[in-house]
2 protein chains.
Amino acid sequence: MDNNKGYHVAVVGATGAVGEQMLKMLEERQFPLQSLKVLASARSAGKTVQFRGQEIVIEEATPEAFEGVQIALFSAGGSVSKALAPEAAKRGAICIDNTSAFRMDPNTPLVVPEVNPEAMAEHNGIIANPNCSTIQMVAALNPLREKYGIERIIVSTYQAVSGAGAKAIQELHDQTEAIIRGNEVKKEVLPVGSLPKKHQIAFNAIPQIDVFLENGFTNEEMKMVRETKKIFSDETIAVAATCVRIPVVKGHSESVYVELKNEYDLAEVRSLLENAPGIVVQDNPEEQEYPMAIDAADKIETFVGRLRRDLDNPKGLHMWIVSDNLLKGAAWNAVQIAEELVKRNLIKES
Amino acid sequence: MDNNKGYHVAVVGATGAVGEQMLKMLEERQFPLQSLKVLASARSAGKTVQFRGQEIVIEEATPEAFEGVQIALFSAGGSVSKALAPEAAKRGAICIDNTSAFRMDPNTPLVVPEVNPEAMAEHNGIIANPNCSTIQMVAALNPLREKYGIERIIVSTYQAVSGAGAKAIQELHDQTEAIIRGNEVKKEVLPVGSLPKKHQIAFNAIPQIDVFLENGFTNEEMKMVRETKKIFSDETIAVAATCVRIPVVKGHSESVYVELKNEYDLAEVRSLLENAPGIVVQDNPEEQEYPMAIDAADKIETFVGRLRRDLDNPKGLHMWIVSDNLLKGAAWNAVQIAEELVKRNLIKES
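Residues numbered from 1 in each chain as written. Chains lettered and ligands numbered in written order. Predicted model: local features only at pLDDT ≥ 70, side-chain atom pairs only at ≥ 80, totals over all residues. Heavy atoms only, no water.

The name given to chain A in an unreviewed UniProt entry is Aspartate-semialdehyde dehydrogenase, with the source organism recorded as Aneurinibacillus danicus. Note on chain A: under the UniProt heading Sequence similarities (unreviewed entry), the record states "Belongs to the aspartate-semialdehyde dehydrogenase family." Recorded in UniProt for chain A, the comment headed Catalytic activity (unreviewed entry) runs: "L-aspartate 4-semialdehyde + phosphate + NADP(+) = 4-phospho-L-aspartate + NADPH + H(+)". (UniProt positions renumbered as here; feature names shortened; annotations may be inferred.)

Structural data, given as C-alpha cells:
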C-alpha cells in the first residue's frame, strides 16, 4: 500500500454498514493512498477487511493510532467521534465525520461538496458529513436555490432500514422471512435501538426515526431542519420534515414541496437540474420513469423526478428525490469531501 | 335470509378485495337484511360465498338482477358501475358506488358519513364512495375544518398494495418470497395493471398510483385534490398530493401538512380529534405511540398521531393519518353510508 503521490488515510468504524461503503468508495474512486489504516473498536481489532485485493488487519482506534494520518473518515458512532476526532485533529489529521457529533458545532463546517465546498476552508481539523436524508435533499434543491431562492420546504421521507445500520437490515430480512413462512416476528432493533419499545418494520411504515424532542418532531426531522439551514447558510428558510422508515433496504426517497422566492419556468427547472453536478433527472411520466429506491441503490448520484407545478401557488414545486443513503447519504459524500480537500490543496504535508 | 324488518341488498363485485370486505362489514355490523344478492361477472356466476354461516350462490350482474333491490353496493370496476348502476337506480335501488365512475358527477353526492351526511339526501339513485386515500384524510381533517377553517393541505401518502386489488397483494407476496429465496422477481401488476411498464414493489417505493395526467400529477393525486374540495363543498381549499405505493399489505398512511385559516391551540386540536366520530388519537411520543399500518389493519377507525405545530407558520399543523384502505377507505364507508340511509329514512319501500 505505497504510493508516492498519495495520502495517509484512516477509516474509523470500518466494520459498520457505512464504514464498509467508505472502503468501497476509496477503492472505486481510486483515491490516492500512501497508506490506509482501518480502525475499529478493540472488539474488532485483529480481524481483517479486503481492500484492493489485499487483506488489511483492523487496528484498535486509539488516539495514538492517528499519528501520521492526514485524512480520517469517521463512522463509528457519535461517542467515538467525540472522543477521537479531536485527538486525530490534534495530530494533524483532517477528520471527515459521518456522525452527528459536530454537525451543529459553529466551528465545524457541514459540507455537501456540490452545495457549499467553500465552507471546507474554515475547518478546524473536523469537517462534518450531514445526515443522509439532508444531503440528497439539499443537493437536489441547491440549483433551484441559486436561481430562484427558497422560501420554504416541506418534506416527507421514505427511508431505508440501512440508515439504522447492519442490524436493521438483518431485522427487516428476518421479519419478512418469518411472515412469509408464518413464523413469529421478532422485534429487537427498530425504530430506535436505544429506546425500549420496538415496532415491526416488515410490511409496515414507522413514523419515527431517532428520538422525539419536546416540540413533537423527532431528532431526525430536526436534523433535516437545522442542517439544511446551516448548509444553505440561511436561517430564514422555513423547513418542516416528517421522517418515516419503510421496508426498503437501500435508498431513501423524499416527497418534497418547495416554495421558491420567485416564479419559475418548469422547463428551466428541469434544465438546471439536468446540468447540476451529481444530479440525474428521471422524469418521464409517459414512460412511467421516475426515481425509485431499487434503481438508486449502489449509485452515487441523486435522482430527481415527478417534477410538477403546485396547483395553487405559482412559486410552488413538487418533486421526488431518491439516493442511496449509504453512498451519497454517507460514504460517498465523505470520500467526495476528501477528494475536494485534495483538489483544494487543503491537506497538510505528512 | 328472511328478516321482516330488513332490506333487500345486493353486492356487486363480491369476489374482489373490497367486495369481500363489504360482505364482512354487512355481517359484522348486523346490517338488517331481508335478502342479500351477491352479483359478479358471468365468469364468477355459480360460485358461492359464505355469509352468516350460509352459502350464497353468486348470480350474474345483469340489469334485471336488480329488480326488487333497495340498496346496491358496487365495487366491480368503473365500467360495471357505469353500465349497471343507472339500471339498478331505474329499478328503485340506491346504489353506493365504490368506483370513481360517478364521484365527480355534479348530480351524485360524494359522501363520508362523518363529514357530509346531509349530501346523501340529494341523491338520484347513486351515492359515490370517495377514493380510499381521500376518505381517511377528510375524516381526520373535518373536525379541524369545522373549528378553524382550512387554507391548504399538502399530503404525501404511503399506500398499501391492497388498494390495487387482490392480484397486487399476491404480487407483493410473490416478489418478497422470490427475493428472500434468491429467485427471479416477476413484475406483472404494479404500478398500474392497464399500463405496459411494471415495477417491483417488494422492498421499494413507487411514486405512481393510477395513470399520469397532463399536469404531471397522477389520477390518484388528482382524486385527492378534487374529491376533498367536493366533500368539503369548498373549491377554495388548496390541495396538493404525492401518492406513493409502498410494500405494505393493508393500511394507508398519510403525512399531512394542513394550514388552517385561524391560529389554533394544539391541546384543543387533540381534544377535537379525540371527540370526533370514527377518529382514534394515537399520539404519545414518550411511549413511542403513533398510528401504524399494521395496527390499523382490520379496524374501521381512522387513526391520527404525530400532531405537532409547524415550526414557522402558527397556523400550520403536521399530522400522520392511518386507516385500513379496504375498510374505512372502501367497504366500511360504503356500508356506513347504507346505515346512514336507513337512519335517515332515505330508502324506498320495496
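Here the narrative resumes, following the displayed structure.
S.K.: Describe the overall build of chain A, listing the residues and the values that go with them.
M.R.: Helix and strand counts for chain A stand at eight helices and 14 strands. For chain A, the proportion of its 350 residues judged to be buried stands at 60%. Summarising the internal contacts of chain A: among those between residues at least 6 apart in sequence, 66% fall at separations of at least 24. As presented, chain A carries roughly 13200 Å² of accessible surface, and 45% of it is formed by carbon and sulfur atoms. (Helix = DSSP H or I, 4+ residues; strand = E, 2+ residues; numbered from the N terminus. Buried < 20%, exposed > 50% of the residue type's maximum accessible area, 1.4 Å probe, protein only. Contact = heavy atoms within 4.5 Å. Areas by Shrake-Rupley, 256 points an atom, 1.4 Å probe, with all protein chains shown as cover.)

S.K.: Run through the pattern of salt bridges, naming residues and quoting values.
M.R.: Considering all chains together, one arrives at 39 salt bridges over all chains under this definition. Glu67 of chain A is the salt-bridge partner of Arg91 of chain A, the closest N and O atoms lying 3.1 Å from each other. Highlighted residues: Arg91 of chain A in the loop between helix H2 (78-90) and strand S7 (94-97) and Glu67 of chain A in the loop between strand S5 (59-60) and strand S6 (71-74), separated in sequence by 24 residues. Taking the relative accessible area as the measure of exposure, Arg91 of chain A reaches 23% and is therefore partly exposed. Of the charged contacts in the structure, one is a salt bridge between Glu340 of chain B and Lys343 of chain B, with a shortest N-O distance of 3.5 Å. One end of the pair, Glu340 of chain B, and the other, Lys343 of chain B, are both in helix H8 (residues 327-343), three residues apart, so they sit about a helical turn from each other. Residue class for Glu340 of chain B comes out buried when judged on its relative accessible area of 12%. A single network of salt bridges, built from pairs that share partners, joins Glu64, Glu67, Glu87, Lys90 and Arg91 of chain A. (Salt bridge = Lys/Arg side-chain N within 4 Å of Asp/Glu carboxyl O.)

S.K.: Report on the UniProt feature "binding site: phosphate" (unreviewed entry) in chain A, specifying residues and quantitative values.
M.R.: All names here are of chain A. In this numbering, the UniProt entry assigns the feature "binding site: phosphate" (unreviewed entry) to Arg103. Residue position: Arg103 is located in the loop between S7 and strand S8 (126-128). For Arg103, a relative accessible area of 4% puts it in the buried group.

S.K.: So, the domain arrangement of chain A: which residues are in play, and what are the values?
M.R.: Residues and elements named next belong to chain A. Looking at the assigned domains, one finds that chain A contains domain 1 (7-130 + 330-343) and domain 2 (134-325). Relative placement of domain 1 and domain 2: their C-alpha centres are 25 Å apart. Regarding the contact of domain 1 and domain 2, the summed buried area is about 1600 Å², with carbon and sulfur atoms giving 66% of it. It is Met104, Glu114 and Val115 in domain 1 that bury the most area against domain 2; as a group they hold 33% of the surface buried on that side. At the surface where domain 1 touches domain 2, the tally comes to one salt bridge. Here Glu227 and Arg103 are joined by a salt bridge, their closest N and O atoms 3.2 Å apart. The tally of links from domain 1 across to domain 2 stands at five residue pairs in polar contact (both at pLDDT 80 or more). Taken together, the elements giving at least two residues each to the side of domain 1 that touches domain 2 come down to helix H1 (17-28) and helix H8 (327-343). (Domains from an automatic or database assignment. Buried area = accessible area lost by both parts, 1.4 Å probe. Polar contact = N/O pair within 3.5 Å; in protein donor to acceptor, adjacent residues only side chain to side chain.)

S.K.: Could you give me a rundown of the relation of the copies chain B and chain A, with the residues and numbers involved?
M.R.: Superposing the two chain copies requires a rotation about an axis and a translation along that axis. Laying chain B over chain A is done by rotating through 180° and shifting 0.0 Å along the axis; what remains is an RMSD of 0.0 Å. The symmetry that links the two subunits is that of a two-fold axis. (Least-squares fit on C-alpha atoms with pLDDT ≥ 70 in both.)

S.K.: For the UniProt feature "binding site: substrate" (unreviewed entry) in chain A, give the residues involved together with the corresponding values.
M.R.: Residues and elements named next belong to chain A. Residues annotated in UniProt with the feature "binding site: substrate" (unreviewed entry) correspond here to Gln159 and Arg245. These annotated residues cover 87 residues of sequence, but their C-alpha atoms sit close together, with the largest distance between any two at 4.7 Å. Topologically, Gln159 is positioned in the loop between strand S9 (150-158) and helix H4 (166-181). When its relative accessible area of 1% is taken as the criterion, Gln159 is described as buried. Here Arg245 shows up in the loop between strand S10 (238-242) and strand S11 (252-260). Aside from chain neighbours lying at most four places away, what touches Arg245 is Gln159, Ala160, Val161, Gly163, Ala164, Leu190, Ile201, Asn204, Ala205, Ile206, Ile209 and His252. Among the polar contacts made by the side chain of Arg245, one reaches the main-chain carbonyl oxygen of Ala160 at a distance of 2.7 Å.

S.K.: Break down the sheet that holds strand S12 (residues 279-281) of chain A for me, citing the residues and quoting the values.
M.R.: Residue and element names in this part refer to chain A. Taken in spatial order, the six strands make up an open sheet running S10-S9-S11-S14-S13-S12, and their pairing is mixed. What marks the edges here is a single partner per strand, and that holds for S10 and S12. Neighbour-to-neighbour, the strand axes of this sheet turn through a mean angle of 25°, independent of strand direction. Contacts from helix H3 (residues 132-148) reach S9, S11, S12, strand S13 (302-309) and strand S14 (316-323) within the one sheet, and its direction differs from that of S11 by about 30°. (Pairing = 2+ DSSP bridges. Axes fitted to C-alpha atoms, helices over the stretch in contact; angles between N-to-C directions.)

S.K.: Go over empty space enclosed by the protein with me, naming the residues and quoting the values.
M.R.: Scanning the model with the defined rule gives two cavities of 30 Å³ or more in all. A volume near 100 Å³ is recorded for the largest cavity. If you go around the largest cavity, you meet 20 residues; those closest to its centre are Ile154, Ser156 and Ser255 of chain A together with Ile154 and Ser156 of chain B. Class assignment for the residues of the lining of the largest cavity results in twelve nonpolar, eight polar and no charged. If you go around the second largest cavity, the residues you meet are Leu172, Thr176, Ala202, Phe203 and Pro247 of chain A together with Thr176, Ala202, Phe203 and Pro247 of chain B. A breakdown of the residues in the lining of the second largest cavity according to their chemical character gives seven nonpolar, two polar and no charged. (1 Å grid on protein atoms, 1.4 Å probe; cavity = no way out; pocket = protein on both sides within 12 Å on 5 of 7 lines; lining within 4 Å. Points joined across faces, edges and corners; volume = space filled by probe spheres on them. Nonpolar A, V, L, I, M, F, W, Y, C, P; charged D, E, K, R; others polar.)

S.K.: Tell me what's going on with unusual backbone geometry, and back it up with residues and numbers.
M.R.: Between Leu190 of chain A and Pro191 of chain A the backbone carries a cis peptide bond, its omega angle lying at 5°. With respect to the helices and strands, Pro191 of chain A occurs in the loop between H4 and helix H5 (219-231). With a phi close to 50°, Ser233 of chain B is a non-glycine residue in the positive phi region. Within the element layout of this structure, Ser233 of chain B appears in the loop between helix H5 (219-231) and strand S10 (238-242). Classification of Ser233 of chain B as exposed rests on a relative accessible area of 67%.

S.K.: Could you give an account of the interface of chain B and chain A, with specific residues and numbers?
M.R.: Taken residue by residue, the interface counts 64 residues in chain B and 64 residues in chain A. A per-residue breakdown of the area chain B buries against chain A is headed by Phe203, Gln288 and Arg306 of chain B, which together make up 13% of the total. Across the chain B-chain A interface, the total number found is ten salt bridges. Residue Asp310 of chain A pairs with Arg152 of chain B through a salt bridge whose shortest N-O separation is 3.3 Å. At the junction of chain B and chain A, the tally comes to 36 residue pairs in polar contact (both at pLDDT 80 or more). Those elements that provide at least two residues to the side of chain B that touches chain A are strand S9 (150-158), helix H4 (166-181), H5, S10, strand S11 (252-260), helix H7 (293-296), strand S13 (302-309) and strand S14 (316-323) of chain B.

S.K.: Explain the state of the cysteines to me, using residue names and the numbers behind them.
M.R.: Residue and element names in this part refer to chain B. Tallied over the full model, the rule gives zero disulfides over all chains. There is no disulfide at Cys243, and the cysteine sulfur nearest it, in Cys132, is 8.7 Å away. Take Cys243: its relative accessible area is 0%, and that puts it in the buried class. (Disulfide = S-S within 2.5 Å.)

S.K.: Which residues make up H5 of chain A, and what are the values?
M.R.: A rise of 1.5 Å per residue sets the reference length of H5 of chain A, with its 13 residues, at 18 Å; its end C-alpha atoms lie 17 Å apart and thus fit the reference within 8%. Within H5 of chain A, twelve of the 13 residues are buried, which leaves it mostly tucked inside the rest of the structure. Those residues of H5 of chain A that sit buried are Asn219, Glu220, Glu221, Met222, Lys223, Met224, Val225, Glu227, Thr228, Lys229, Lys230 and Ile231 of chain A. Residues of H5 of chain A that are buried sit in contact with H3, S9, S10 and S11 of chain A together with S13 of chain B. Looking at the residues trailing H5 of chain A, positive phi occurs at Ser233 of chain A, about 50°. (Expected span 1.5 Å × (residues − 1).)

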